[in-house]
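Here is how the chains run, residue by residue.
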Amino acid sequence: MDINDLIIDDRQRGIFRVHRSSMTSMDLFRRERELIFEKCWIYVGHESEVENPGDYRRRTLAGRPLFLARGEDGKVRVFLNSCPHRGALVCRRAAGNASILRCFYHGWSFNTKGDLIAVPGEDAYGPGFDRGELGLKEPARVDSYRGFYFVSFNPLVEDLVTYLAGARDYLDLVVDQAESGMRVVSGSNRYTIKANWKLLVENSLDSYHLLTTHRTYVDYITGLGTDDSRATMAARPPGLARALGNGHCVGENIARHGRPIAHWHPLFGEETREPIERARVRLVKKYGEERARRMADTSRNLLVYPNLLVLDFVAITIRYIEPLAPGAMDVTAWHLVPREESGALLATRLDSYLTFFGPGGFATPDDVEALESCQEGFRASGNEWSDLSRGMLNPAPGTSDELQMRGFWRQWHANMQGRGRTNVQDGEPEERKTAAVSVSDIQGNAPAGER
Amino acid sequence: MTADGGPALRESVEEFLYREAALLDDWSLDAWVDLFTEDARYVVPTTDLPEGDPSRDLVFIDDDITRLRARALRLTGGNAHREHPRSRTRRFVSNVRIAETGDGELSVSANVLVFRFRSGEAAPYVGVVDYILRRERDDFKIAYRRAVLDLESLAWHGAVSIIF
């Protein structure tokens with residue numbers, strides 16, 4: 001199949017289809033590695049995961065073993081986890097703290113800045129042996145935005161802020177909720193899904209499946225006395241879907257039963273009422289009524305292209321997708337919380353996370369099943385196209401309208417055709433990517449369309 | 001470590017754990033929830049933080065009795081898609097250690113191996129389950145159940161979709 005034909009994008013008839021070989025072909029998987037994962041900025045970790053000098057933490061990014069380390073100088077660095085000597089993993093524990101990292105194979109030692117500082121029997125090497133050339137290697141580029149660290153293996157990649165395009169404002173909307181910054185709590189969710197990674201990107205942005213796939217979650221939350229009696233497609237506020245440029249996309253919804261930040265709900269218990277209401281006053285004072293309402297009263301599912309999701313609804317989860325093969329991915333998810341929260345407030349937030357998210361939650365396992373079911377269904381063949389046309393002609397696309405997924409796929413297609421991140425017709429007029437969004441837009445009066 | 005009560009106590013605790021395992025393998029989750037006290041807690045820490053504390057850390061599961069009942073209802077209602085159709089499981093409970101806590105409760109630990117079979121996948125959940133058992137009439141009730149997985153990641157399980 002010609003790469004140019006993998007997507008049908010007919011804006012006249014409102015038809016958008018993706019050829020399923022994009023999720024099953026080994027050739028295309030290798031091409032993705034080369035043209036997307038080796039070219040874009042890829043999320044590597046949050047600053048709070050290496051809080052103190054000497055802290056380190058391992059990661060695997062697009063198949064590459066790396067680790068984050070905070071130097072004695074306070075700077076966060078990312079290293080390729082391979083000894084410059086013979087290749088062994090230098091960092092072998094998942095996380096820890098050390099002032100010197102010593103490769104266990106021949107004992108070469110590195111400081112927290114990656115410099116090679118000791119070589120056993122160094123006198124046996126000739127004059128051409130230069131320790132200065134043999135420090136730990138870093139990816140071509142490392143940068144951070146509001147505590148989120150990214151790397152790129154592409155030395156020519158645009159700077160991170162430019163790359164993030166309209167996604168920046170949404171990261172701000174998350175980080176600004178905290179009074180003293182955000183941190184990742186200890187413990188992470190790690191699981192494997194036997195499905196193509198792009199299915200989880202779609203699923204993470206998809207509001208259309210909520211009432212079908214997650215019926216048990218909706219029933220549970222209704223059973224606790226929340227007013228979800230209007231839990232029908234037609235009765236819900238449509239929300240707002242946007243493509244943010246460079247493949248980044250978002251869906252924003254009106255929060256229906258409180259948010260741990262500044263939107264109290266009886267579900268959270270009386271104990272937390274006062275501090276949550278106080279947080280609201282603080283946000284209004286600092287950011288004004290409209291932006292405070294945006295943080296507190298609306299939720300967002302944000303994709304930072306290609307494989308990072310920041311899901312900010314019942315709690316904030318950072319979800320990283322690591323493609324393993326055309327039909328397999330590893331998922332890691334962390335819980336991001338405001339640093340100032342503790343006690344009952346933190347407990348409420350931790351509890352809120354567990355109801356929906358995570359492999360033991362009331363929703364995530366059903367998503368895992370749905371994705372694996374799709375991947376298995378692809379083998380039936382004879383039905384080669386997946387449809388993402390929903391709401392394509394809707395002048396005010398809501399979160400069930402799949403614009404977010406189309407924005408992602410259009411960028412993916414451009415990259416796979418060897419095109420860069422500019423001039424991708426992702427369906428949104430340029431001015432809308434930077435336009436101020438108001439809560440009433442999310443409520444259901446969205447402007448513009450996809451033409 | 002076996003507390004006063006000797007073989008008879010051990011026998012009754014082991015019999016209780018076997019009964020629990022049988023209820024779970026039979027998917028008799030309503031009856032299983034009835035084994036818990038009203039103030040019970042069921043905790044499953046994440047695979048990377050076995051010492052995880054739900055009041056501070058991210059865990060997989062931290063259920064009070066209300067959510068435990070909801071979990072049982074969800075898993076048996078036909079809409080928990082990861083377990084519909086249901087997986088087949090078989091539990092092996094061994095290495096039972098028993099200690100009196102002093103206030104009439106027992107602190108019990110057991111090694112647990114659960115084989116789960118579904119959709120061509122055959123994989124074990126392996127770990128230790130720590131209990132606080134409260135004596136009630138001639139039987140026990142579970143006041144606390146903390147199931148700690150030895151797995152490094154949930155890997156191909158994709159979820160904790162059964163009760164571990």
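Criteria and cut-off values
- Residues numbered from 1 in each chain as written.
- Chains lettered and ligands numbered in written order.
- Predicted model: local features only at pLDDT ≥ 70, side-chain atom pairs only at ≥ 80, totals over all residues.
- Heavy atoms only, no water.
- Helix = DSSP H or I, 4+ residues; strand = E, 2+ residues; numbered from the N terminus.
- Rg over C-alpha atoms; globule rule 2.2 N^0.38 Å.
- Buried < 20%, exposed > 50% of the residue type's maximum accessible area, 1.4 Å probe, protein only.
- Contact = heavy atoms within 4.5 Å.
- Areas by Shrake-Rupley, 256 points an atom, 1.4 Å probe, with all protein chains shown as cover.
- Lys, Arg positive; Asp, Glu negative; His and termini not counted.
- Charge placed at Lys NZ, Arg CZ, Asp CG, Glu CD.
- Phe/Tyr/Trp six-rings, centres within 6.5 Å; stacked < 30°, edge-to-face > 60°.
- Lys NZ or Arg CZ within 6 Å of the ring centre and 35° of its normal.
- Pairing = 2+ DSSP bridges.
- Axes fitted to C-alpha atoms, helices over the stretch in contact; angles between N-to-C directions.
- 1 Å grid on protein atoms, 1.4 Å probe; cavity = no way out; pocket = protein on both sides within 12 Å on 5 of 7 lines; lining within 4 Å.
- Points joined across faces, edges and corners; volume = space filled by probe spheres on them.
- Nonpolar A, V, L, I, M, F, W, Y, C, P; charged D, E, K, R; others polar.
- pLDDT = per-residue confidence, 0-100.
- Parallel < 35°, antiparallel > 145°, perpendicular 65-115°, else oblique.
- Buried area = accessible area lost by both parts, 1.4 Å probe.
- Salt bridge = Lys/Arg side-chain N within 4 Å of Asp/Glu carboxyl O.

Student: Can you explain the overall build of chain A? Please cite residues and give values.
Tutor: Tallying secondary structure elements over chain A gives 12 helices and 21 strands in all. Since a compact globule built from 451 residues should have a radius of gyration of about 22 Å, the 23 Å found for chain A is in line with a globular shape. Dimensions along the principal axes, computed over C-alpha positions, put chain A at roughly 75 × 60 × 40 Å. Looking at chain A as a whole, 59% of its 451 residues qualify as buried. Contacts in chain A between residues at least 24 apart in sequence constitute 66% of all its contacts with a sequence separation of at least 6. Of the roughly 17,300 Å² of accessible surface on chain A, a fraction of 48% belongs to carbon and sulfur atoms. With 57 positive and 61 negative side-chain charges, chain A shows a separation of 2 Å between the mean positions of the two kinds.

Student: Can you lay out the packing of aromatic side chains for me, pointing to particular residues and giving the numbers?
Tutor: Under the defined criterion, the tally for this structure stands at 24 aromatic pairs over all chains. Look at tryptophan 32 of chain B and phenylalanine 36 of chain B: their rings are 4.9 Å apart centre to centre, the planes differ by 75°, and that puts the pair in the edge-to-face class. No difference in accessibility class separates tryptophan 32 of chain B from phenylalanine 36 of chain B, as the two residues are buried. Centre to centre, the rings of phenylalanine 92 of chain B and phenylalanine 115 of chain B are 6.3 Å apart; their planes meet at 85°, and the pair counts as edge-to-face. Of this pair, phenylalanine 92 of chain B sits in strand β3 (residues 88-100) while phenylalanine 115 of chain B sits in strand β4 (residues 105-118); the two residues are 23 residues apart in sequence, bridging distant segments of the chain. An aromatic cluster is built from Phe37, Trp197, Tyr305, Phe408, Trp409 and Trp412 of chain A, whose rings are joined through pairwise contacts. One residue, arginine 64 of chain A, lies across the ring of phenylalanine 153 of chain A, its end atom 3.8 Å from the ring centre. When the ring centre of tyrosine 208 of chain A is taken as origin, the NZ or CZ atom of arginine 390 of chain A, which lies over that ring, is 4.0 Å away.

Student: Report on the sheet that holds strand β2 (residues 15-19) of chain A, specifying residues and quantitative values.
Tutor: Residue and element names in this part refer to chain A. The sheet built from 3 strands is open, its strands ordered β1-β2-β21 with antiparallel pairing. Taken across any chain shown, the strands that pair with only one partner, and hence form the sheet edges, are β1 (7-10) and β21 (385-387). Direction aside, neighbouring strands of the sheet carry axes that sit 25° apart on average.

Student: Explain the layout of surface pockets to me, using residue names and the numbers behind them.
Tutor: Space inside the largest pocket adds up to approximately 1,000 Å³. In terms of lining, the largest pocket is formed by 32 residues, of which the most central are Arg58, Ala94, Ser188 and Arg190 of chain A together with Asp48 of chain B. Taken together, the elements giving at least two residues each to the lining of the largest pocket come down to β4 (55-61), β5 (64-70), β14 (189-193), β19 (316-325) and β20 (328-338) of chain A. Taken together, the residues of the lining of the largest pocket sort by class into 13 nonpolar, 10 polar and 9 charged. In terms of lining residues, the second largest pocket is bounded by 20 residues, among which Leu199, Glu202, Asp206, Leu371 and Cys374 of chain A are the most central. At the level of secondary structure, the elements contributing two or more residues to the lining of the second largest pocket comprise α4 (197-205), α9 (364-378) and β21 of chain A. If you tally residues by element for the lining of the second largest pocket, the top one is α9 of chain A, at 5 residues. Its residues assigned to classes, the lining of the second largest pocket shows 10 nonpolar, 4 polar and 6 charged.

Student: Help me get a handle on the confidence of the model for chain A, residues and values and all.
Tutor: Mean pLDDT over chain A works out to 92, with 93% of the residues at or above the 70 mark. In the predicted structure, residues 446-451 of chain A sits below a pLDDT of 50 and forms 28 contacts with residues beyond four places in sequence or in another chain.

Student: Describe in detail the packing of helix α3 (residues 167-175) of chain A against helix α7 (residues 273-297) of chain A, supporting the description with residues and values.
Tutor: Residue and element names in this part refer to chain A. Viewed as axis vectors pointing N to C, α3 and α7 meet at an angle of 80°, and their least axial separation amounts to 9 Å. As the angle between them shows, α3 and α7 are arranged roughly perpendicular. Contact residues: Asp169, Tyr170, Asp172 and Leu173 in α3; Arg291, Arg294 and Met295 in α7. A per-class count over the contact of α3 with α7 returns 3 nonpolar, no polar and 4 charged.

Student: Summarise empty space enclosed by the protein; cite the residues concerned and give the values.
Tutor: A water-sized probe rolled over the atoms picks out the places where empty space is left. This model, assessed by the stated rule, comprises 8 cavities of 30 Å³ or more. Each pocket or cavity is described by its volume, and for the largest cavity that value is around 420 Å³. At the level of secondary structure, the elements contributing two or more residues to the lining of the largest cavity comprise α4, β16 (249-254) and β17 (298-304) of chain A. Here the residues of the lining of the largest cavity sort into 9 nonpolar, 10 polar and 6 charged. The space that makes up the second largest cavity amounts to roughly 80 Å³. In terms of lining, the second largest cavity is formed by 14 residues, of which the most central are Arg71, Arg74, Leu75, Val160 and Ser161 of chain B. Breaking the lining of the second largest cavity down by element, the ones donating at least two residues are α9 of chain A together with α3 (65-76) of chain B. With 3 residues, α3 of chain B is the largest single contributor of residues to the lining of the second largest cavity. Tallied by class, residues from the lining of the second largest cavity come to 7 nonpolar, 2 polar and 5 charged.

Student: Lay out the interface of chain A and chain B in plain terms, naming residues and giving numbers.
Tutor: Taken together, the contact pairs 33 residues of chain A with 31 residues of chain B. Of the roughly 2,800 Å² buried where chain A meets chain B, counting both sides, 56% is carbon and sulfur surface. Inspection of the chain A/chain B interface yields 7 salt bridges. Its salt-bridge partner being arginine 67 of chain B, residue aspartate 351 of chain A comes within 2.9 Å of it at the nearest N-O pair. Within the residue set of the side of chain A that touches chain B, elements represented by two or more residues are β14, α5 (210-213), α6 (215-223), β20, α8 (343-356) and α9 of chain A. Here the residues of the side of chain A that touches chain B sort into 14 nonpolar, 12 polar and 7 charged.

Student: Describe in detail the pairing of β20 of chain A, supporting the description with residues and values.
Tutor: All names here are of chain A. β20 sits mainly inside the fold: 10 of its 11 residues count as buried. Where strand β13 (residues 182-184) meets β20, 3 bridges bridge the pair, whose relative direction is antiparallel. Of the residues in β20, the one forming a bridge with arginine 183 is valine 337. Pairing geometry for β19 and β20, over 9 bridges, is antiparallel. Directly across from isoleucine 316, in β20, lies its bridge partner leucine 336. Following β19, the chain reverses through 2 residues before pairing antiparallel with β20.

Student: How would you summarise the packing of helix α1 (residues 26-37) of chain A against helix α10 (residues 403-416) of chain A if you had to cite specific residues and measurements?
Tutor: All names here are of chain A. At a minimum axis distance of 9 Å, the contact between α1 and α10 shows a crossing angle of 90°. One finds that α1 runs roughly perpendicular with respect to α10. Across the interface between the two elements, Leu28, Arg31, Glu32, Leu35 and Ile36 from α1 touch Trp412, Asn415 and Met416 from α10.

Student: Describe the sheet that holds strand β2 (residues 59-63) of chain B, naming the residues involved and giving the relevant values.
Tutor: Residues and elements named next belong to chain B. Taken in spatial order, the 6 strands make up an open sheet running β2-β1-β6-β5-β4-β3, and their pairing is mixed. In this open sheet, the two edge strands, each paired with only one partner strand, are β2 and β3. Averaged over all pairs of adjacent strands, the angle between their axes in this sheet comes to 20°, without regard to strand direction. In terms of strand pairing, β4 meets strand β5 (residues 121-136) through 14 bridges, oriented antiparallel. Residue arginine 116 lies in a different strand from β5, and its bridge partner there is alanine 123. Packing of helix α1 (residues 6-25) onto the sheet brings it into contact with β3, β4, β5 and β6 (139-149), and relative to β3 it is tilted by some 155°.

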